[in-house]
Amino acid sequence: MRVVMIGTGYVGLVSGACFSDFGHVVTCVDKDAEKIARLKQGIMPIYEPGLEALVATNVEEERLFFASTPEDTAAAVRAADAVFIAVGTPSRRGDGHADLTYVYAAAEEIAGLIDGFTVIVTKSTVPVGTGDEVEAIVRKARPDADFAVVSNPEFLREGAAISDFKRPDRVVVGTEDEQAKEVMRELYRPLFLNETPILFTERRTSELIKYAANAFLAMKITFINEMADLCEKVGADVQQVARGIGLDNRIGSKFLHAGPGYGGSCFPKDTLALVRTAEQAGAPVRLIETTVAVNDARKKAMAEKVKAAMGGDVAGKTIGVLGLTFKPNTDDMRDAPSLDIVPALQAMGATIQAFDPEDHEARKMLPSVEFKDGPYEAADGADALLILTEWDRFRALDLDRIKRLLKAPLVVDLRNIYNAADMTRRGFTYASVGRP
Ligand SMILES: NC(=O)c1ccc[n+]([C@@H]2O[C@H](COP(=O)([O-])OP(=O)(O)OC[C@H]3O[C@@H](n4cnc5c(N)ncnc54)[C@H](O)[C@@H]3O)[C@@H](O)[C@H]2O)c1
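As the structure is a computational prediction, the values presented were derived from the model and not from experiment.

Engineer: Any details on the overall build of the protein chain? Residues and values, ideally.
Structural biologist: When you go through the protein chain residue by residue, the secondary structure sums to 18 helices and 14 strands. What you see for the protein chain is a C-alpha radius of gyration of 23 Å, in line with the 22 Å of a compact globule of 436 residues. A buried classification covers 52% of the 436 residues belonging to the protein chain. Excluding contacts between residues fewer than 6 apart, the proportion of contacts in the protein chain whose partners are at least 24 apart in sequence is 73%. Put simply, the protein chain shows about 19200 Å² of open surface, and 50% of that area lies on carbon and sulfur atoms. Each charge sign in the protein chain was given a centre, from 52 positive and 64 negative side chains, and these centres are 5 Å apart.

Right under this line is the structure:
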């Protein structure tokens, strides 16, 4: 199959590289010419484990190509069996609806170029009914064109994106067009060897599945975060509560880790967009409205938690921060909890010295932070150490060294990666989330 990815970001690049690894011929297109120029030199625009090698192999095997010029894009789209739209759908400023400007612009561009039967696949996360609009855009521009618009939401997680794409729990495809179903089956055929379920639905249903999945997971995280707050008040341990409920198969153990609130490029914007869609449709989703509100308040409240752990005042104090990205194994800073917590602590008068293994985005977004080259440098001379992201390398720190470097042996661990009893035994004052 010949495939074009419009948008070469976290989703487009990973999907494109994986499809090429399946044996398809893929062209990844981006309007960011610099991104494409760097990709052609083998330089990845994002940090994602395993991506660089996967891209290199498939470029070498001449299955993976990059394009930014109109001519190269046109040639690739004309030859394509499937053109994926994998552009961003951020929150629209002011109202929280998904901003579909990039999706519709991509649809316009594709419309002018398709040749012969082409499946236009929306991989971006888009509200119910967007496929209808994409179809109308293409139909209007090209009344005679032979195409089908399919919804194929992506469920990969940053940091584990390649294995998620290659070994997904399921593939969801929204279309009732038989010819399009055949193309989609062929594209994902390598996955059927490991019997990945492929769920064919009507297009609107497929669009909603993606939002329902993200909203449910965001709600699950928010649930355990509220349990953590309750645990702190009543002297219970949220990790054991999570284990105790997670062992119940009906609940499941994933997404039950208490922390500073969810962030990232998907949950915040997708929960909000679902709330807006539901409001507009006259079927409000109160659980998700509450989830959004609770999570927003939580991220803001975390600075207060740090302040309380530091004796009620952080003015003039230095805090060493470990981890700024919204989760480990990514450089993505979109809606990271650190973006609320760090400026709030600075506003209270604290100086922040931080280390993150993939800090190039963080440096742009938190310019007044002093960036350090390692966890020990971040701890050096600080009044407290604050763990914000659970990168593996923070899980096994030389704690005696940390203790010697800190001005006071205080660790605030918002990811619960250390054992409270052990930390106390080592002479730390240790604060974490939802644990005695
Ligand atoms: N990041 C994730 O983990 C994840 C997971 C599942 C789904 N999604 C969804 O996938 C979509 C893409 O997310 P992302 O994180 O990859 O975004 P991103 O911002 O990393 O990448 C989008 C890319 O599209 C390019 N682009 C925009 N308009 C274009 C056009 N007309 N032609 C060519 N290129 C264009 C941009 O330059 C950018 O490089 C979003 O809808 C998101 O919700 C993301």
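Once you've had a look at it, read on.
Engineer: Quick rundown of the nonpolar core? Include the residues and the values.
Structural biologist: Phe19, Leu51, Phe84, Val119, Met184 and Leu187 are the most contacted members of the largest nonpolar core, which has 40 residues in total. For this core, the leading source of residues is helix H1 (residues 10-21), giving 6 residues. Ala76, Val83, Ile114 and Val292 belong to the second largest nonpolar core, which has 37 residues in total.

Engineer: Mind laying out the sheet that holds strand E14 (residues 429-431), listing which residues take part and the relevant values?
Structural biologist: A sheet is described by the order of its strands in space; here 6 strands give the open sequence E11-E10-E9-E12-E13-E14, paired in parallel fashion. The strands lining the two open edges of the sheet, one partner per strand, are strand E11 (370-371) and E14. Here strand E9 (residues 318-322) runs beside strand E10 (residues 351-355); their pairing, made up of 5 bridges, is parallel. Counted as the bridge partner of isoleucine 319 is isoleucine 352 from E10. Across the sheet, helix H13 (residues 286-309) lies against E9, strand E12 (384-387), strand E13 (410-413) and E14, angled at about 160 degrees from E13, the strand it touches most.

Engineer: Which residues make up the environment of leucine 51, and what values go with them?
Structural biologist: Within the secondary structure, leucine 51 sits in helix H3 (residues 51-60). A relative accessible area of 0% places leucine 51 in the buried class. As for leucine 51 and phenylalanine 66, which are separated by 15 residues in sequence, their C-alpha atoms are 15 Å apart. Not counting residues up to four positions away in its chain, the partners in contact with leucine 51 are Leu13, Val14, Ala17, Met44, Ile46 and Ile162.

Engineer: Outline unusual backbone geometry, listing residues and values.
Structural biologist: The backbone of glutamate 62 shows a phi angle near 60 degrees, a positive value even though the residue is not glycine. Tracing the sequence through the fold places glutamate 62 in the loop between H3 and strand E3 (64-67). At asparagine 416, a residue that is not glycine, the phi angle is positive and equals roughly 55 degrees. Here asparagine 416 is to be found in the loop between E13 and helix H18 (420-425). Overall, the relative accessible area of 8% leaves asparagine 416 in the buried class.

Engineer: For the packing of aromatic side chains, give the residues involved together with the corresponding values.
Structural biologist: The geometry of an aromatic ring pair is captured by the separation of the ring centres together with the interplanar angle, meaning the angle of the planes. Counted under the stated rule, the structure contains 10 aromatic pairs. Centre to centre, the rings of phenylalanine 19 and phenylalanine 165 are 5.1 Å apart; their planes meet at 85 degrees, and the pair counts as edge-to-face. Here phenylalanine 165 lies in helix H7 (residues 161-166) and phenylalanine 19 lies in helix H1, a separation of 146 residues in the sequence. With respect to burial, phenylalanine 19 and phenylalanine 165 carry one shared label: buried. Between the aromatic rings of tyrosine 47 and tryptophan 391, the centroid separation amounts to 6.4 Å while the plane-to-plane angle is 40 degrees, which identifies the pairing as tilted.

Engineer: Can you explain the environment of valine 59? Please cite residues and give values.
Structural biologist: Along the chain, valine 59 turns up in helix H3. By relative accessible area, which is 36% here, valine 59 ends up partly exposed. With near-sequence residues (within four places) excluded, valine 59 lies in contact with Leu64 and Phe66.

Engineer: Could you give an account of the site of the ligand, with specific residues and numbers?
Structural biologist: The ligand sits among 24 residues. The nearest are Asp30, Lys35, Thr89, Glu158 and Lys269. Interatomic distance of 2.9 Å between a backbone N/O atom of threonine 125 and an oxygen atom of the ligand. Lysine 269 places a polar side-chain atom, nitrogen or oxygen, 2.6 Å from an oxygen atom of the ligand. Bound to the protein, the ligand loses 90% of the 830 Å² it would expose on its own. The class makeup of the residues in the shell around the ligand is 7 nonpolar, 8 polar and 9 charged.

Engineer: Summarise helix H14 (residues 338-347); cite the residues concerned and give the values.
Structural biologist: Within the span of H14, buried status applies to Ser338, Ile341, Val342 and Leu345. Each buried residue of H14 lies within a common arc of 90 degrees when the element is viewed along its axis, so the set occupies one face. Downstream of H14 by one or two residues, glycine 349 has phi in the positive range, about 105 degrees.

Engineer: Could you give an account of the packing of helix H10 (residues 203-234) against H13, with specific residues and numbers?
Structural biologist: Closest axis-to-axis distance for the H10/H13 pair is 9 Å, and the angle between their directions is 50 degrees. By the angle between their directions, the pair H10 and H13 is classed as oblique. The handedness of the crossing between H10 and H13 is left-handed. Residue-level inspection shows Ala215, Ala218, Met219, Thr222, Asn225, Glu226, Ala228, Asp229 and Glu232 of H10 in contact with H13, the latter providing Leu287, Ile288, Thr291, Val294, Asn295, Arg298 and Lys305. Residues belonging to the contact of H10 with H13 are distributed by class as follows: 7 nonpolar, 4 polar and 5 charged.

Engineer: If you had to explain the pattern of salt bridges to someone new, which residues and values would you point to?
Structural biologist: All chains considered together, the criterion is met by 29 salt bridges. As a salt-bridge pair, glutamate 361 and lysine 364 come within 2.8 Å of each other at their nearest N and O atoms. Of the two residues, glutamate 361 and lysine 364 both sit in helix H15 (residues 360-365), 3 residues apart, roughly one turn of that helix. Its salt-bridge partner being glutamate 390, residue arginine 415 comes within 3.4 Å of it at the nearest N-O pair. Linking arginine 415 in the loop between E13 and H18 with glutamate 390 in the loop between E12 and helix H17 (399-405), this pair joins segments that are 25 residues apart in sequence. Arginine 415 sits in the buried class, given a relative accessible area of 18%. One network of salt bridges, with partners in common, ties together Asp132, Glu135, Arg203 and Arg204.

Engineer: Can you tell me about the side chain of aspartate 383, naming the residues and giving the values?
Structural biologist: As for its placement among the helices and strands, aspartate 383 is situated in the loop between helix H16 (375-379) and E12. Not counting residues up to four positions away in its chain, the partners in contact with aspartate 383 are Met310, Lys317, Thr318, Lys407, Ala408 and Leu410.

Parameters at a glance
Residues numbered from 1 in each chain as written. Predicted model: local features only at pLDDT ≥ 70, side-chain atom pairs only at ≥ 80, totals over all residues. Heavy atoms only, no water. Helix = DSSP H or I, 4+ residues; strand = E, 2+ residues; numbered from the N terminus. Rg over C-alpha atoms; globule rule 2.2 N^0.38 Å. Buried < 20%, exposed > 50% of the residue type's maximum accessible area, 1.4 Å probe, protein only. Contact = heavy atoms within 4.5 Å. Areas by Shrake-Rupley, 256 points an atom, 1.4 Å probe, with all protein chains shown as cover. Lys, Arg positive; Asp, Glu negative; His and termini not counted. Charge placed at Lys NZ, Arg CZ, Asp CG, Glu CD. Core = buried A, V, L, I, M, F, W, Y, C linked by side-chain atoms within 4.5 Å. Pairing = 2+ DSSP bridges. Axes fitted to C-alpha atoms, helices over the stretch in contact; angles between N-to-C directions. Phe/Tyr/Trp six-rings, centres within 6.5 Å; stacked < 30°, edge-to-face > 60°. Near = heavy atom within 4 Å. Polar contact = N/O pair within 3.5 Å; in protein donor to acceptor, adjacent residues only side chain to side chain. Nonpolar A, V, L, I, M, F, W, Y, C, P; charged D, E, K, R; others polar. Arc of directions from axis to C-beta. Parallel < 35°, antiparallel > 145°, perpendicular 65-115°, else oblique. Left-handed = near helix turned anticlockwise from the far one by under 90°. Salt bridge = Lys/Arg side-chain N within 4 Å of Asp/Glu carboxyl O.

Worth remembering: the numbers are spatial, not functional.
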